[in-house]
Every structure is written in C-alpha cells, then in structure tokens.
Amino acid sequence: MLDEIDIQELAVRTILYFRKHFWFVALSTSVGIVLGIVSYVYLPKAYQSRMIVMSDILTESYSKEITESLKNLIREKNNNVLALRLGLSEQEANDLNTLEIESVKKEKGLEQGVENTIFLITANIKNKDILPRLQVGLIQFLRNNEFVKVRVRQRTEMYKKLIAKIGFEINSLDSLKTRLFSGQPIYSKSSEMLLVDPTSIYSKTVEMSREQINYENALELADSIQLVEGFTVFQKPSEPKLSILLVTGCFGGLFFAFGFLVLTRLLRLANSKLR
C-alpha cells in the first residue's frame, strides 16, 4: 500500500512539475516544428519517377549488372563517363542521385516460345527537367550493347526474309486461283492435269496472310528494348517529406523539453543533498 501511495504521489508531482513548465514545453515543441519547416524549405529537393520497358533479350541478371555499373559511376561522381553513357551533359549527370533497374514480370511474346521481361526503371534526381533526356538516353544505352545489336540485326533480317518468302507464296496462290477461276487448265511438270480444290487455295491464302501479318508485327517490335511507359514529370518532390519533418521537429522539441526539465530537476536534487 505504501508503494502504491509513493507511486501515485510521484506521478502527481511529475504531472504538476511539467504542468508548471507547460509554456517551456510548448515553446520547445513550436521551435521544433518551425525547424522542420525551415529544413523543408532549404534542404535540396529530390524527385522520383519511373519508366517501364519490355525486352526479350535483356535478362534479369544482365539488368543487375547494368544497375551495378551505373550505381558505381553515380557513387564515384564519375559524371564524365556517366554523361557519355546516358547521352546527358555532365551537369545533368550530376543531378542523378540513384538509378534502379528491376524485372517485375514476364509474359509470352508474339513468337512461340519467346518470353518478354518487363523492367521497372526508377530514377531519383535533383532536377526534374532532365527526365525526358534521361529517358531517351537510357533506352539508347540499353539498345547500343553490342550483343543486343547483333541479336536485333539477325532478327530483323530473318523477319524480312520470312515476310518476302510468304509474300511470294501468296502471289503464287493468287495466280493459281486466277487461272483456275478463268477456266485455264492447270498442269503439273509431268503434263498431267491437276485437280485443285478452290476452297483449299482460299484457306491456305488466308492462313499465310495471317502468318505474314504476325511476322510484320514482330518486325515492328524487333528492337531489343520497347518503351511501355515513360517517365512522368511530377511537380511535387519525393524528398524531403514535409509531414515527416514536421513530426520529427514536433517530437524532437518535445523530447528536448522533457529531457531538459528532467535533467534540471535531477541537478537541483543533487545540489540540495550535497548541501
């Protein structure tokens, strides 16, 4: 019972003590909030934006190597090399804080057995005006890899040959269909008449035309890197956050006031006992 009374008395004394110094606590808290606002105004701003690209050549492991390489250049402030790789000026390269490339999803491509990997590229920058140039520079940087360029060239040549071959076959079928419907006899090399079903010619032409269109679509997407969604230029900075600075300033001022009052009280008690 004695302990309970002592604890209650201690709690009451503590409340009364801090209540006595209420204005000091309120002033310290207000100063902390003001410091948070001042910090938000004067701290350097950082902006964050993301772009989405798709590729069936760029792999997850390769993207990690690229990210690590760019991270090292940014960390070392090697703006000269960074600017050359990304097609930026040295000042624009200096405005780049961080750059992350990560794979987020895989989906089947137009070709059978081909998988496209979707990559999310996140840029944290000091100057939001460099985002359009950074977007172009990143795509060109990824496309200009020698291995990637060889793969793209081989793929483009293959699609063009396939499209030309199918076009030739479609023209041959159209010619055959024209001769058939005009009543002209159709002979084989052995000079024997061939029996041809017009329906099969039509269905074969449709099938090959569909295949030709698929290859033409694939040719348009033959580039190794496809832009799905570009960087968005946001007006509001991602860092620093005003809400976090306000909360930090408020609690910082509050803890400072409590700590100062407790320390002052302990020093007074110590001095009184020494006397």
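This text follows the structure it describes.
Owing to the predicted nature of the structure, the values given are computational and were not obtained by experimental measurement.

Chemist: What should I look at first to understand a nonpolar patch on the surface in this one?
Modeler: Together, Ile-33, Val-34, Ile-37, Val-38, Val-41, Tyr-42 and Leu-242 make up a nonpolar patch on the protein surface, roughly 620 Å² of accessible area in all. Looking at the nonpolar patch element by element, the count peaks at six residues for helix α2 (residues 22-42). Relative to the elements of secondary structure, Leu-242 occurs in helix α9 (residues 242-274).

Chemist: I would appreciate a short explanation of helix α6 (residues 131-143) in the present structure.
Modeler: For an α-helix, 3.6 residues make a turn, and residues three or four places apart therefore share a direction. With 13 residues, α6 ought to run about 18 Å at 1.5 Å a step, and its terminal C-alpha atoms sit 18 Å apart, in line with that. When α6 is considered as a whole, its buried residues turn out to be Leu-131, Leu-134, Gln-135, Gly-137, Leu-138, Ile-139 and Leu-142.

Chemist: Which parts of the structure should I look at to understand the environment of Thr-59?
Modeler: Tracing the chain through its elements places Thr-59 in the loop between β1 (47-55) and α3 (60-75). Given the relative accessible area of 38%, Thr-59 is considered partly exposed.

Chemist: I keep staring at the environment of Lys-77 and nothing clicks. Help me out?
Modeler: Mapped onto the elements, Lys-77 comes out in the loop between α3 and α4 (79-86). The exposure class of Lys-77 is partly exposed, given its relative accessible area of 46%. When near neighbours in sequence (up to four residues on either side) are disregarded, Lys-77 contacts Asn-94 and Lys-126.

Chemist: In this structure, what is going on with the nonpolar core? I would like to understand it.
Modeler: Nonpolar side chains in soluble globular proteins tend to be buried together. Within the largest apolar cluster, 28 residues are counted, with the highest numbers of intra-cluster contacts made by Leu-96, Ile-121 and Leu-134. Those elements that provide at least two residues to this core are β1, α3, α4, β2 (96-108), β3 (115-125) and α6. Take this core: its biggest share by element is five residues, from α6. Leave out the neighbours within four places in its chain, and Leu-96 touches Ile-74, Leu-82, Leu-86, Ala-123, Asn-124, Ile-125 and Leu-134.

Chemist: What's the story with the pattern of salt bridges in this structure? I'm lost.
Modeler: Oppositely charged side chains can pair when the atoms bearing their charge come close. Under the counting rule described, the total for this entry stands at three salt bridges. Here Lys-165 makes a salt bridge to Glu-169, at a shortest N to O gap of 3.2 Å. Here Glu-169 and Lys-165 lie together in helix α7 (residues 146-181), a separation of four residues that amounts to about one turn.

Chemist: Would you mind going over α4 with me for this structure?
Modeler: Among all positions in α4, only Asn-79, Leu-82, Ala-83 and Leu-86 are buried. Looking straight down α4, one finds that the buried residues subtend no more than 100° of arc, so they occupy a single side. Remark: Gly-87 follows α4 within two positions and exhibits a positive phi of approximately 70°.

Chemist: Hey, could you run me through the packing of aromatic side chains in this one?
Modeler: Within this structure, the stated rule accounts for four aromatic pairs. Ring plane angle 70° and centroid distance 5.2 Å describe the contact between Phe-22 and Trp-23, whose orientation is recorded as edge-to-face. A relative accessible area of 48% means that Phe-22 is categorised as partly exposed.

Chemist: Hey, could you run me through unusual backbone geometry in this one?
Modeler: Glycine aside, residues mostly have negative phi, and peptide bonds are mostly found in the trans state. In this chain, Glu-239 is followed by Pro-240 through a cis amide linkage whose omega measures -10°. Its location among the elements puts Pro-240 in the loop between β4 (226-229) and α9. Residues other than glycine seldom take positive phi values, yet Lys-77 does so here, at roughly 60°.

How each quantity is defined
Residues numbered from 1 in each chain as written. Predicted model: local features only at pLDDT ≥ 70, side-chain atom pairs only at ≥ 80, totals over all residues. Heavy atoms only, no water. Patch = residues over 30% accessible without salt bridge, like charges linked within 9 Å, V, L, I, M, F, W, Y side chains within 5 Å. Areas by Shrake-Rupley, 256 points an atom, 1.4 Å probe, with all protein chains shown as cover. Salt bridge = Lys/Arg side-chain N within 4 Å of Asp/Glu carboxyl O. Helix = DSSP H or I, 4+ residues; strand = E, 2+ residues; numbered from the N terminus. Expected span 1.5 Å × (residues − 1). Buried < 20%, exposed > 50% of the residue type's maximum accessible area, 1.4 Å probe, protein only. Contact = heavy atoms within 4.5 Å. Core = buried A, V, L, I, M, F, W, Y, C linked by side-chain atoms within 4.5 Å. Arc of directions from axis to C-beta. Phe/Tyr/Trp six-rings, centres within 6.5 Å; stacked < 30°, edge-to-face > 60°.

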